[in-house]
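Fold and geometry: a report
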Amino acid sequence: MQTMPAHAAHHDDREIETLEEFDATVSARGTLAGYRVQAVDLTNRTRELLSTDTAGAVFLGCAMREDAAAKIRTDGALVFPPVPGLPFDPYRGALYAPDELFASLSDGYEATPDARAYAWFQRTKADGDIYASMLRAVHDDSVSDALDELLTGARVVGVMGGHAMARGTEEYAGAARLGRELARAGFTVATGGGPGAMEAANLGAYAAPFEAEMLTESLELLAKAPHFTPSITQWATAAFEIRSRRPRGGRSVGIPTWFYGHEPPNAFASHIAKYFANATREDGLLARCNAGVVFLPGAAGTVQEIFDNATPNYYESRGEPTPMVLVNRAHWTERLPAWPLLKSLARERSMEARIALVDRIEEAPEALKRLGG
């Protein structure tokens, strides 16, 4: 049903991101010369490291014994040791899973790696520490690399919309049905990864493999914790309850940021590409939506995303323009009249045939199909 390829099939074949890949490479090739080994615990691979050529290799955040590290440095390899005391791994080889970011949720959200990474970000940002900003940049680059690997060959549709959309509302249910329909049509749903409209679309993709009643039941259950304020713990716990009742949901991507730290990631995206730098995150999210973007009603952030998406479509800087579907006529022509401006921009450009305004969320998949040719 969904076409998101398996992880690690497509990355640079000189990259080693798991212990299995490490063992397979050593036994098949007999050398690690020129390889990049990323965030793999090599504490129990001392014998292999001591007996294998590692000239020109780079080890990023790999735990290893001191004698192994000394030997591979002598070989001419570069060793970037793990950074102690960090609430995140800057060299990580894969995207986050909800279980990882929300580990220890039973002790309250503040205890989770997600909240601890945000607290570290606030503290180091205030100090203006060059080392901390370097670690953030390395982390975000590792996340982008993992995201590219995950999405190789996927047809990605973005669903953008505000974080204020509450569970239990008709709008939230509509966004969830949209996510389900897109996933069932073989698209990979990508969102900004946060609450509200973003969570609803990721929930819909999670519900895609199940019968329609599963989504209806989930919407009822979530309505009991409608918003992530006052308690992120309660809001997230409701989502994990659905995940444990119905495990093995459909896959989708959430791309949130610690820049908006008050806004937690949602637990329905199977893969979470969380960034420190919001500019990298915004650009990366839209650049990867190669099959189009649906814009649900939102405020400043969603308006920004419309024009962040329109600019490369206008200049064709990423190749052919991709479909843009704005949902809710009154919102985008009266409350925040982005549509007339988008339409004027598109006039007599090739993107003109790739934009649409629909009134109801149910019309979005058909409009996407029409615009996508």
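Residues numbered from 1 in each chain as written. Predicted model: local features only at pLDDT ≥ 70, side-chain atom pairs only at ≥ 80, totals over all residues. Heavy atoms only, no water.

Thoughts on unusual backbone geometry
P230 follows T229 through a cis peptide bond whose omega is 0°. Summarising the element assignment, P230 is placed in the loop between α9 (212-222) and α10 (232-245). The backbone of E348 sits at a positive phi, close to 65°, despite the residue not being glycine. Here E348 is to be found in the loop between α14 (338-346) and β11 (355-358). Judged by its relative accessible area of 74%, E348 falls in the exposed class. (Helix = DSSP H or I, 4+ residues; strand = E, 2+ residues; numbered from the N terminus. Buried < 20%, exposed > 50% of the residue type's maximum accessible area, 1.4 Å probe, protein only.)

Some thoughts on the pattern of salt bridges
Inspection of the entire model under this criterion finds 17 salt bridges. K274 is paired through a salt bridge with D114; the nearest N and O atoms lie 2.7 Å apart. One end of the pair, K274, is in the loop between β8 (271-272) and α11 (278-287); the other, D114, is in helix α5 (residues 113-127), and 160 residues separate them in sequence. A salt bridge links D148 to R288; the shortest N-O distance between them is 3.0 Å. (Salt bridge = Lys/Arg side-chain N within 4 Å of Asp/Glu carboxyl O.)

Brief notes about the sheet that holds strand β6 (residues 188-191)
Taken in spatial order, the seven strands make up an open sheet running β8-β7-β6-β5-β9-β10-β11, and their pairing is parallel. Bordering the open sheet on either side are β8 and β11, each of which pairs with just one other strand. Examined bridge by bridge, strand β5 (residues 156-160) and β6 share three bridges and lie parallel to one another. Looking at the pairing, V156 lines up with T188 of β6. The strands touched by α14 within the sheet are β10 (324-327) and β11, with β11 carrying the most contacts at an inclination of about 155°. (Pairing = 2+ DSSP bridges. Contact = heavy atoms within 4.5 Å. Axes fitted to C-alpha atoms, helices over the stretch in contact; angles between N-to-C directions.)

Description of the sheet that holds strand β4 (residues 78-80)
Taken in spatial order, the four strands of this open sheet run β1-β2-β3-β4, and their pairing is parallel. Only two strands of the sheet have a single partner each, and these edge strands are β1 (15-16) and β4. Looking at chain direction, strand β3 (residues 58-60) and β4 are connected through three bridges and run parallel. Across the sheet, residue L60 finds its bridge partner in β4, namely F80.

Digging into the confidence of the model for the protein chain
Per-residue confidence for the protein chain averages 95 on the pLDDT scale, and 97% of its residues sit at or above 70. Note that pLDDT drops below 50 for residues 5-9; the model gives that stretch eleven contacts with residues more than four away or on any other chain. (pLDDT = per-residue confidence, 0-100.)

Re α14
Within the span of α14, buried status applies to A338, W339, L342 and A346. Down the axis of α14, the buried set is contained in an arc of 95°. They therefore lie on one face. Those residues of α14 hidden inside the fold are in contact with α12 (300-315), β10, α13 (329-335) and β11. (Arc of directions from axis to C-beta.)

Notes on the nonpolar core
Judged by nonpolar contacts, the single largest core of 99 residues is most densely connected at V294, L296, I306, V325 and L342. Those residues in contact with L342 that sit more than four places away from it in its chain are I306, F307, A310, M324, L326, M351 and I355. Within the second largest apolar cluster, 18 residues are counted, among which are A57, F59, I72 and A77. (Core = buried A, V, L, I, M, F, W, Y, C linked by side-chain atoms within 4.5 Å.)

Describing the packing of aromatic side chains
Scanning all chains against the criterion turns up 14 aromatic pairs. Ring geometry for Y314 versus Y315: centroids 4.9 Å apart, planes at 85°, classification edge-to-face. A relative accessible area of 59% places Y315 in the exposed class. Each member of the aromatic cluster is reached from another via a ring pair, and the members are F88, Y96, W120, F121, W258 and F276. Positioned over the ring face of Y96 is R92, at 3.7 Å from the centre of the ring. (Phe/Tyr/Trp six-rings, centres within 6.5 Å; stacked < 30°, edge-to-face > 60°. Lys NZ or Arg CZ within 6 Å of the ring centre and 35° of its normal.)

Thoughts on the packing of α9 against α10
Two elements in contact, α9 and α10, have axes separated by 9 Å at closest approach and are oriented at 150°. Considered as vectors, α9 and α10 are oriented roughly antiparallel to each other. You can see that α9 and α10 cross each other, and the crossing is right-handed. Residues M214, S218, L221 and L222 of α9 form the contact with α10, whose participating residues are A238, A239, E241, I242 and R245. For the contact of α9 with α10, the class distribution of residues is six nonpolar, one polar and two charged. (Parallel < 35°, antiparallel > 145°, perpendicular 65-115°, else oblique. Left-handed = near helix turned anticlockwise from the far one by under 90°. Nonpolar A, V, L, I, M, F, W, Y, C, P; charged D, E, K, R; others polar.)

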